[in-house]
Amino acid sequence: MRRVCAWKIVTLLSLLVSQPAVSPGAAPPSLRCQRLEIVLREDLNGLASIVDRTTGRQYAAGPDAPVGLYQLRLGSEPKQAQKLNSTDAVGRECRPIPGGLELHFSHKNPDLEVRCRVLADAAGPKIRWGIEIDNASDRPVVAVAYPQAAVPLSLGQGPEDDALVYPASEGSLLCQPGKRMRRGSALSCEYPGKCGCQFVYYFDAKGGLYMAAEDGEGHAKCLEIVRDDRCLRLGWTHRLPAETRPKLKLAYDVAWTCGDGDWQSGADLYRQWVERQPWCAKKLCERDVPDWLTHANVFLNFNVRAEGKFFPLEAAERSFARYRQFLGRPLVGVPFGWERHGAWIGPEYFPPFGGDAYYVQLSRGLAEHGDHLQVYTSGFRWGVRKPTSERRDVPRTYTDYDSTERFLAEGRPAAALGPEGSPILQKPAWADNYLLCPGSDKARKILAACFLKCFDWGVAGVDLDQNIGGSVPDCYSTEHGHAPGAGRWQFETMSRFLSDVRQQARAKHPQCFLGVEEPCEAYIPWLDCYHGRAFTDTHWPVTGPGAIAIPLYIYLFHEYQVGYAGWCDAGFSPNGDARIGLGRAFLLGMQPGMRVGGGAGQVNLDEARPQPELVLLRDITHLMEQTRDYLLLGRMLHDPKLEGAGTLAQSGKKDPRHPARPMAWSVVQASAWRSARGHVCYAVANLGGQPQEVRLRLSSYGMSGAKFQLRRVEARGQEPVAALDRLPQSLDLALKPWAVCCVEQTAAD
């Protein structure tokens, strides 16, 4: 029998419907491909073994782990929902099919037949899982958790180097999840929306287990990580409308395989699939994204209500002139508090603070100098009350604004409804608001009117804020024309809204753009850029115990979508130091953003003695423009190795919103990028106040040629470094405090 990619069935199990277990003495069924071999439990209720055939690593938790190959949830009411596990089946049977196995499970009360299909790639490294359900009951199947994997709390001799790639927003790395997650705790992330992509990777230095939902159509699902007594449970829960259907079939496969011992190797496995999906059909250089947006801009968030600095108009024009002169790069002004009733209160945005004329004239004046204006909206929300303070340690009190009656009279038909039929009210620190449903024609018209009015001011961009990653709430309305609960309708309605608004705006303003708060792969075709925070370390949107930021989304999609860093301030920046945030934004190819004006968390330019963070902001922006083919348009590569740098100190401050880093960071950090021409560039940043001497390991990264040319690029110029006749080699670099530089590696003529 061929060893490579051959599937093997150890035995054929024949079970009667009335028999809940395999006949005594029968060997359990197994399946293998190039990289992975799985063995099912004898009773078919889960995995007895998950082995990496390359390393011999066992990823199954063992006989004491919770059992169950799948779990179904029937009924939309959470308190009345019924859960069915594969262990509840009254009959189980395993049948061989071409390329794999088909597992049959029969349930009574309610009556369901479940067929799980498990296939080995004919010529590849993956095992694929599919599922079909025949539902003869009168209750809808609204969630299917499948396949479920119980993995060890520790992969090797100890948990020290265990980590898990968690794809919320731009990406988090959960360090030592088996040790740091509390027993009984769980993490979940919904897609499309808060989940930026569709894979999870559990690994240590020896290797990792990869699990991905290979769905290119935007079906609703949720990644779930549960800490049980003796294991972690990993898997996708596929979310379905709350409507009874006699037959259900998962429209995509869940793929498993194994990889090497770092997070980027797990991302490489996902890259092989995702770059064939619709949202990766065109790279930035091929998309109709405004060309100016793909150059190095500086995003400046300013308080429009800051009297004397950015209001009235004359003050704003003077302030922008000062920053324009000092920074020497195009500016994108982002007014905070422009809404009529205060920040984050919509859709009663108009007339805006300062009046329409302020924004029309400011947009026009900025455009005359090559600058732009961008406006944030509150997305699909109806704000009804505005708190007087966002502090959580004081009683919640409100301003005089109250839109509750208007919402009930005009907004309720557009509201997202919970399972009981009531509008969904949320109370984040900045507002009390009801969620609107993008599946409602009225909700889409309300928000579209806001977007288009802002574009008519002449602003260059409008941002869909608070719908993180374009997320859409579940909605049980029977009046909106969509299926109740969750489903692909959520992706369809959000993408329709974005497509329609973008098309209408571009018809009048060809160089305008749409943005979003935090990215999701599924919406790349309709969103020109995103407002992200990958430069942080442990602040939100980094999620989970022992979590630290990784540039997962950037690694996968930097060539396809513009990202900017909002905001490099004391809040989001590591150690509360904006210079570290700016340095990391540079390393990650994110156009930099800062809060300016001199208020809390803001910096106010002093031309006579420019603040260090503004000097660094100027330097990195000029350097990014010089290396645009790499840092703004290029492909992120595996991190290069650095030797000789010290450790970046922790801040020492206790802040529940910004925990200490769970792993050591080097004070000098580096990234590597490939241009469309195949050349390589290393970005290097000293994130501390002391000079550093480091050794950078140079690699070919797939470049061909017998000789290579190196040049060092800084904000104020460039110089040749060396000519090399082979790679890999090492390059010694001396870095001043808070210095950034690039090393370009090209093939010598």
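Treat the numbers as computed from the prediction; the structure is a model and nothing was measured.

Enquirer: Talk me through the overall build of the protein chain; I want residue IDs and the actual numbers.
Expert: Secondary structure summary: the protein chain contains 11 helices and 42 strands in total. The C-alpha radius of gyration of the protein chain comes to 27 Å, within 12% of the 27 Å expected for a compact globule of 749 residues. Per-residue burial over the protein chain gives 60% buried out of 749 residues. Just so you have it, the protein chain exposes about 29,200 Å², and 48% of that area is on carbon and sulfur atoms. Computing the positive centroid from 87 side-chain charges and the negative centroid from 84, the protein chain places the two 2 Å apart.

Enquirer: Report on empty space enclosed by the protein, specifying residues and quantitative values.
Expert: Counted by the stated rule, this structure contains four cavities of 30 Å³ or more. What lines the largest cavity is simply Glu-190, Tyr-191, Pro-192, Arg-239, Gly-470, Ser-471, Val-472, Gln-490, Phe-491 and Tyr-523. Only β14 (186–191) and α7 (489–508) provide two or more residues apiece to the lining of the largest cavity. Considered class by class, the residues forming the lining of the largest cavity number five nonpolar, three polar and two charged. In this structure, the second largest cavity encloses a volume near 50 Å³. Around the second largest cavity sit Ala-168, Ser-169, Glu-170, Gly-171, Ser-172, Arg-533, Ala-534, Pro-541, Val-542, Ala-549 and Ile-550, which together line it. A class-by-class count of the residues in the lining of the second largest cavity yields six nonpolar, three polar and two charged.

Enquirer: So what about the packing of helix α3 (residues 313–327) against helix α4 (residues 356–368)? Which residues, and what values?
Expert: Where α3 contacts α4, the two axes come as close as 10 Å, and the packing angle between them is 25 degrees. If you check the angle between α3 and α4, you find them roughly parallel. Like other packed secondary-structure pairs, α3 and α4 cross with a definite hand, here right-handed. Mapping the contact onto sequence places Leu-313, Ala-316, Glu-317, Phe-320 and Arg-324 in α3 and Tyr-358, Gln-361, Leu-362 and Leu-366 in α4. When its residues are assigned to classes, the contact of α3 with α4 shows six nonpolar, one polar and two charged.

Enquirer: Before we move on, can you summarise the sheet that holds strand β1 (residues 30–32) with the specific residues and values?
Expert: Backbone hydrogen bonds are what pair the strands of a sheet, in a parallel or an antiparallel way. Here three strands make up an open sheet; going across it, the order is β1-β2-β3 and the pairing antiparallel. Sheet topology places β1 and β3 (47–52) at the edges, where each strand pairs with a single neighbour. When the angles between neighbouring strand axes are averaged without regard to direction, this sheet yields 10 degrees.

Enquirer: Can you explain the environment of Gly-354? Please cite residues and give values.
Expert: Secondary-structure assignment places Gly-354 in the loop between β22 (331–336) and α4. As a C-alpha pair, Gly-354 and Arg-340 span 14 residues in sequence and 8.7 Å in three-dimensional space.

Enquirer: Describe the pattern of salt bridges, naming the residues involved and giving the relevant values.
Expert: All chains considered together, the criterion is met by 47 salt bridges. Notably, a salt bridge pairs Asp-288 with Arg-506, separated by 3.4 Å at the nearest N-O pair. Placement of the pair is Asp-288 in the loop between α2 (263–274) and β21 (298–303) and Arg-506 in helix α7, with a sequence separation of 218 residues. For Arg-506, a relative accessible area of 14% gives the class buried. A single salt-bridge network, built from bridges that share partners, covers Arg-115, Glu-132, Asp-134 and Lys-247.

Enquirer: Can you tell me about α7, naming the residues and giving the values?
Expert: End to end, α7 covers 29 Å across 20 residues, agreeing with the expected 28 Å (1.5 Å per residue, within 8%). Listing the buried residues of α7 in full gives Trp-489, Gln-490, Phe-491, Thr-493, Met-494, Ser-495, Phe-497, Leu-498, Val-501, Arg-502, Ala-505 and Arg-506. Next to the buried residues of α7 lie β18 (232–239), α6 (441–457), β28 (461–464) and β29 (513–517).

Enquirer: Before we move on, could you go through the packing of aromatic side chains and cite the residues and values that matter?
Expert: Considering all chains together, one arrives at 35 aromatic pairs under this definition. Between Tyr-564 and Trp-567, the ring centres sit 6.0 Å apart and the planes meet at 50 degrees, which makes this aromatic pair tilted. Like Tyr-564, the residue Trp-567 is buried in the burial classification. Clustering of aromatic rings is evident, with ring pairs tying together Phe-311, Trp-338, Tyr-349, Phe-350, Phe-353, Tyr-358, Tyr-359 and Trp-457. A cation over an aromatic ring shows up here: Arg-322 above the ring of Tyr-323, its NZ or CZ 5.9 Å from the ring centre.

Enquirer: I'd like a rundown of the confidence of the model for the protein chain, residues and numbers included.
Expert: Scored by pLDDT, the protein chain has a mean of 93; 96% of the residues are at 70 or more. Scored below 50 in pLDDT, residues 1–25 shows 64 contacts in the model against residues more than four places distant or in partner chains.

Enquirer: Give a description of the environment of Asp-138 that names residues and reports values.
Expert: Topologically, Asp-138 is positioned in the loop between β9 (127–135) and β10 (141–145). Put simply, Asp-138 and Pro-177 are 39 residues apart on the chain and 40 Å apart in space, counted from C-alpha to C-alpha.

Enquirer: Just give me the short version of the nonpolar core, but keep the residues and values in it.
Expert: Counting residues in each nonpolar core, the largest one holds 214 residues, and the members touching the most others are Phe-199, Phe-557 and Phe-586. Top element by residues in this core is α6. It accounts for eight residues. Residues in contact with Phe-199, not counting those within four places in the same chain, are Val-165, Pro-167, Tyr-210, Met-211, Ala-212, Trp-236, Gly-266, Ala-267, Tyr-270, Leu-552 and Leu-556.

Enquirer: Hey, could you go over the sheet that holds strand β23 (residues 372–377) for me, with residue numbers and the actual values?
Expert: One open sheet holds the eight strands; their spatial order is β32-β30-β29-β28-β23-β22-β21-β33, and the pairing between them is parallel. Every other strand in the sheet has two partners, leaving β32 (562–565) and β33 (593–596) as the edge strands with one partner each. Averaged over all pairs of adjacent strands, the angle between strand axes in this sheet comes to 30 degrees, irrespective of strand direction. Contacting β21, β22 and β33, α3 crosses the sheet at an angle of about 145 degrees to β22. Those strands touched by α4 are β21, β22 and β23, and its axis lies near 140 degrees from that of β23.

Enquirer: How would you sum up the side chain of Asn-686? Please name residues and give values.
Expert: Mapping Asn-686 onto the fold places it in strand β37 (residues 680–686). A distance of 2.9 Å separates a polar side-chain atom of Asn-686 from the backbone oxygen of Gln-690. Within the structure, the side chain of Asn-686 is placed 2.9 Å from the backbone oxygen of Lys-736, a separation counted as a polar contact. Once residues within four sequence positions are removed from consideration, Asn-686 is found in contact with Val-667, Val-668, Pro-691, Gln-692, Leu-735, Lys-736, Pro-737, Trp-738 and Ala-739.

Enquirer: Please provide a residue-by-residue account of the side chain of Gln-176, values included.
Expert: As for its placement among the helices and strands, Gln-176 is situated in the loop between β13 (172–175) and α1 (177–180). Residue Gln-176 is classed as buried on the basis of its relative accessible area of 13%. Not counting the four nearest positions on each side in its chain, Gln-176 is found in contact with Pro-159, Glu-160, Asp-162 and Ala-163.

Enquirer: I'd like a description of the pairing of strand β42 (residues 740–747), backed by residues and values.
Expert: Where burial is concerned, most of β42 is hidden: seven out of the eight residues are buried. Sheet analysis places β37 next to β42, joined by six bridges and oriented antiparallel. If you follow Ala-685 over to β42, its bridge partner there is Val-740. Two elements, strand β39 (residues 708–714) and β42, share six bridges in a ladder whose sense is antiparallel. Among the inter-strand pairings, Arg-712 is bridged to a residue of β42, identified as Val-743.

The rules behind each value
- Residues numbered from 1 in each chain as written.
- Predicted model: local features only at pLDDT ≥ 70, side-chain atom pairs only at ≥ 80, totals over all residues.
- Heavy atoms only, no water.
- Helix = DSSP H or I, 4+ residues; strand = E, 2+ residues; numbered from the N terminus.
- Rg over C-alpha atoms; globule rule 2.2 N^0.38 Å.
- Buried < 20%, exposed > 50% of the residue type's maximum accessible area, 1.4 Å probe, protein only.
- Areas by Shrake-Rupley, 256 points an atom, 1.4 Å probe, with all protein chains shown as cover.
- Lys, Arg positive; Asp, Glu negative; His and termini not counted.
- Charge placed at Lys NZ, Arg CZ, Asp CG, Glu CD.
- 1 Å grid on protein atoms, 1.4 Å probe; cavity = no way out; pocket = protein on both sides within 12 Å on 5 of 7 lines; lining within 4 Å.
- Points joined across faces, edges and corners; volume = space filled by probe spheres on them.
- Nonpolar A, V, L, I, M, F, W, Y, C, P; charged D, E, K, R; others polar.
- Axes fitted to C-alpha atoms, helices over the stretch in contact; angles between N-to-C directions.
- Parallel < 35°, antiparallel > 145°, perpendicular 65-115°, else oblique.
- Left-handed = near helix turned anticlockwise from the far one by under 90°.
- Contact = heavy atoms within 4.5 Å.
- Pairing = 2+ DSSP bridges.
- Salt bridge = Lys/Arg side-chain N within 4 Å of Asp/Glu carboxyl O.
- Expected span 1.5 Å × (residues − 1).
- Phe/Tyr/Trp six-rings, centres within 6.5 Å; stacked < 30°, edge-to-face > 60°.
- Lys NZ or Arg CZ within 6 Å of the ring centre and 35° of its normal.
- pLDDT = per-residue confidence, 0-100.
- Core = buried A, V, L, I, M, F, W, Y, C linked by side-chain atoms within 4.5 Å.
- Polar contact = N/O pair within 3.5 Å; in protein donor to acceptor, adjacent residues only side chain to side chain.

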